[in-house]
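What follows is the residue order along each chain.
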Amino acid sequence: MPAPATTGRPRTWTAAIRCRDGDHTLELTDREVVAERLLRTSRKHSFDPDTDVDWDAPQDPDRFYMPPQLVSLYETPLWDGLTHRRRVELSKREMCSIASFGIWSELQLMQGLVGHAYRQRYDSGHVAYALTEVADECRHSVMFGRMVRTCGLRANRPHPLEYQAGKLVNAVYDPIPMFAGTLLVEEFTDAFQRLTFPDEEIQPLIRQVTRIHVIEEARHIKYAREELKRLVVRASPARRRVAAYALAQGARLISARFIDPSCYTAVGLDPKLARRVAARSPHRRATMTWSFRKCTDFFDEVGFLDGRARTVWQKAGLLDA
Ligand SMILES: [Fe+2]
Ligand SMILES: [Fe+2]
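Residues numbered from 1 in each chain as written. Chains lettered and ligands numbered in written order. Predicted model: local features only at pLDDT ≥ 70, side-chain atom pairs only at ≥ 80, totals over all residues. Heavy atoms only, no water.

**Observations concerning the coordination of the iron ion (ligand 1)**
Then, in step 1: Looking at the iron ion (ligand 1), one finds its protein donor set to be E106 (OE), E137 (OE), H140 (ND1), H213 (NE2) and E217 (OE), positioned 2.0 to 2.3 Å from the metal centre.
Then, in step 2: The sequence motif formed by the donor residues of the iron ion (ligand 1) is E-x30-E-x2-H-x72-H-x3-E.
Then, in step 3: The distance between the iron ion (ligand 1) and the iron ion (ligand 2) comes to 3.6 Å, with E137 serving as a donor to both metals. Placement of the pair is H213 and E217 together in helix 8 (residues 204-234), with a separation of 4 residues, close to one helical turn. E217 matches H213 in its accessibility class, with the two residues each being buried. (Donors = N, O, S within 2.8 Å, 3.2 Å for Na, K, Ca; no water. Helix = DSSP H or I, 4+ residues; strand = E, 2+ residues; numbered from the N terminus. Buried < 20%, exposed > 50% of the residue type's maximum accessible area, 1.4 Å probe, protein only.)

Quick look at the structure:
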């Protein structure tokens, strides 16, 4: 393997940014060094869901599709009132709703990555990795769509407003919200999936799909984090604050919307009531705080939990006060 193209810069270095909550020192790694590492791992650990998932695995009607503690209504009176089969059905619907949300996010990320690659040096490892990630996400979206159909369901469309907004996201190239938004989605879904795939009580099909996704997403998270750090040190404080606030609002919206209301209707519940109950459930709030923790720890490190942004995260129940 040829050594990464040298840029004349050191392989790693540190830079400081000043925020209202103090100074932050960031450790940076050269783009090409990161890209070559990620390309090496991609060559070794990539999957073909067509052959690496047993699509014909029987689905046991009594087995959960995700650990029950990750279902939005767990430990609420509404959950207590459901039969076991209905709880299982709700776990299936919610898992497929997360997969649908995943496809919607991946479609946007793929567009963003192509736009990013378009603006870089085409023979660089950085571009090669961006395109490798697009290829990963292509396979993921096909895999999620097939998973939903294999579960006997159809993918949920986002709310019409979010659907239209999604078309505009990549109209203007802006890598800070693109990479930060990627982390927002990838880190919390990753937390859910990391608990799902090792759990032997869960449907085998879901365990296989989530395992593939967790392994391949770890690289995407690394790529986004490293690029975001480089972008943040070059951005003005005002630019960082605007991005931080927009991200906090994005997190608030995502956490309230990634479970489609039709999941509740399917098990005989009033969707408005169910959504309210989930939003107020202490267990659910703790689960969401936990699922965003890796993301919020990183955002704190790069100054994205500064000032008003932190309050939005806390009020949404996604960050400990
Ligand atoms: Fe993915
Ligand atoms: Fe990804």
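**Quick word on the coordination of the iron ion (ligand 2)**
Then, in step 1: Protein coordination at the iron ion (ligand 2) comes from E137 (OE), E186 (OE), E217 (OE), E217 (OE) and H220 (ND1), with a distance range of 1.9 to 2.4 Å.
Then, in step 2: Sequence positions of the donors to the iron ion (ligand 2) reduce to the motif E-x48-E-x30-E-x2-H.

**Details of the pattern of salt bridges**
When their charged atoms lie close together, side chains carrying opposite charge are able to pair.
Then, in step 1: Scanning the entire structure with this criterion turns up 18 salt bridges.
Then, in step 2: Between R31 and E227 there is a salt bridge, with the nearest N and O atoms lying 2.7 Å from each other. With a gap of 196 residues between them, R31 in helix 1 (residues 31-44) and E227 in helix 8 connect regions that are remote in the sequence.
Then, in step 3: Accessibility expressed as a relative area gives 23% for R31, which makes it partly exposed. (Salt bridge = Lys/Arg side-chain N within 4 Å of Asp/Glu carboxyl O.)

**Re unusual backbone geometry**
Then, in step 1: In this structure, E75 takes a positive phi of about 60° despite not being glycine.
Then, in step 2: Relative to the assigned elements, E75 resides in the loop between helix 2 (49-52) and helix 3 (77-80).
Then, in step 3: What makes E75 exposed here is its relative accessible area of 55%.

**A short note on a positive patch on the surface**
Then, in step 1: Together, R11, R37, R40, R43 and K44 give the surface a local cluster of positive charge.
Then, in step 2: Position of R43 among the secondary structure elements: in helix 1. (Patch = residues over 30% accessible without salt bridge, like charges linked within 9 Å, V, L, I, M, F, W, Y side chains within 5 Å. Areas by Shrake-Rupley, 256 points an atom, 1.4 Å probe, with all protein chains shown as cover. Lys, Arg positive; Asp, Glu negative; His and termini not counted. Charge placed at Lys NZ, Arg CZ, Asp CG, Glu CD.)

**A closer look at helix 1**
Then, in step 1: Look at helix 1: 20 Å from first C-alpha to last across 14 residues, which is about the 20 Å you get at 1.5 Å a residue.
Then, in step 2: As for helix 1, its buried residues are in contact with strand 2 (22-29), helix 5 (125-150) and helix 8.
Then, in step 3: The backbone nitrogen of E32 lies 3.0 Å from a side-chain oxygen of the residue at the head of helix 1, namely D30. (Expected span 1.5 Å × (residues − 1). Contact = heavy atoms within 4.5 Å. Polar contact = N/O pair within 3.5 Å; in protein donor to acceptor, adjacent residues only side chain to side chain.)

**Thoughts on the nonpolar core**
Then, in step 1: Of all hydrophobic cores here, the largest spans 90 residues; its most connected members are L228, F299, F304 and W313.
Then, in step 2: Apart from the residues within four sequence positions on either side, F299 is in contact with A180, L183, L184, L228, L247, F304, L305 and W313. (Core = buried A, V, L, I, M, F, W, Y, C linked by side-chain atoms within 4.5 Å.)

**So, the packing of helix 5 against helix 8**
Then, in step 1: Close contact between helix 5 and helix 8 brings their axes to 10 Å; oriented N to C, the two are set at 150°. Compared by their axis directions, helix 5 and helix 8 come out roughly antiparallel. Crossing geometry of helix 5 relative to helix 8 is assigned as left-handed. When helix 5 is examined against helix 8, the residues H126, Y129, A130, E133, D136, E137, R139, H140, M143, F144, M147 and T150 are found in contact with a partner set consisting of L205, I206, V209, I212, H213, E216, E217, R219, H220, Y223, E227 and R230.
Then, in step 2: Looking at the contact of helix 5 with helix 8, its residues break down into 10 nonpolar, 5 polar and 9 charged. (Axes fitted to C-alpha atoms, helices over the stretch in contact; angles between N-to-C directions. Parallel < 35°, antiparallel > 145°, perpendicular 65-115°, else oblique. Left-handed = near helix turned anticlockwise from the far one by under 90°. Nonpolar A, V, L, I, M, F, W, Y, C, P; charged D, E, K, R; others polar.)

**A closer look at the packing of helix 7 (residues 175-196) against helix 9 (residues 237-257)**
Then, in step 1: Relative orientation of the contacting elements helix 7 and helix 9 amounts to 30°, with a least axis distance of 10 Å. As for how helix 7 packs across helix 9, the hand of that crossing is right-handed. Every residue of helix 9 that contacts helix 7 at I176, P177, A180, G181, L184, V185 and F188 is listed here: R239, A243, L247, G250, A251 and I254.
Then, in step 2: A class-by-class count of the residues in the contact of helix 7 with helix 9 yields 10 nonpolar, 2 polar and 1 charged.

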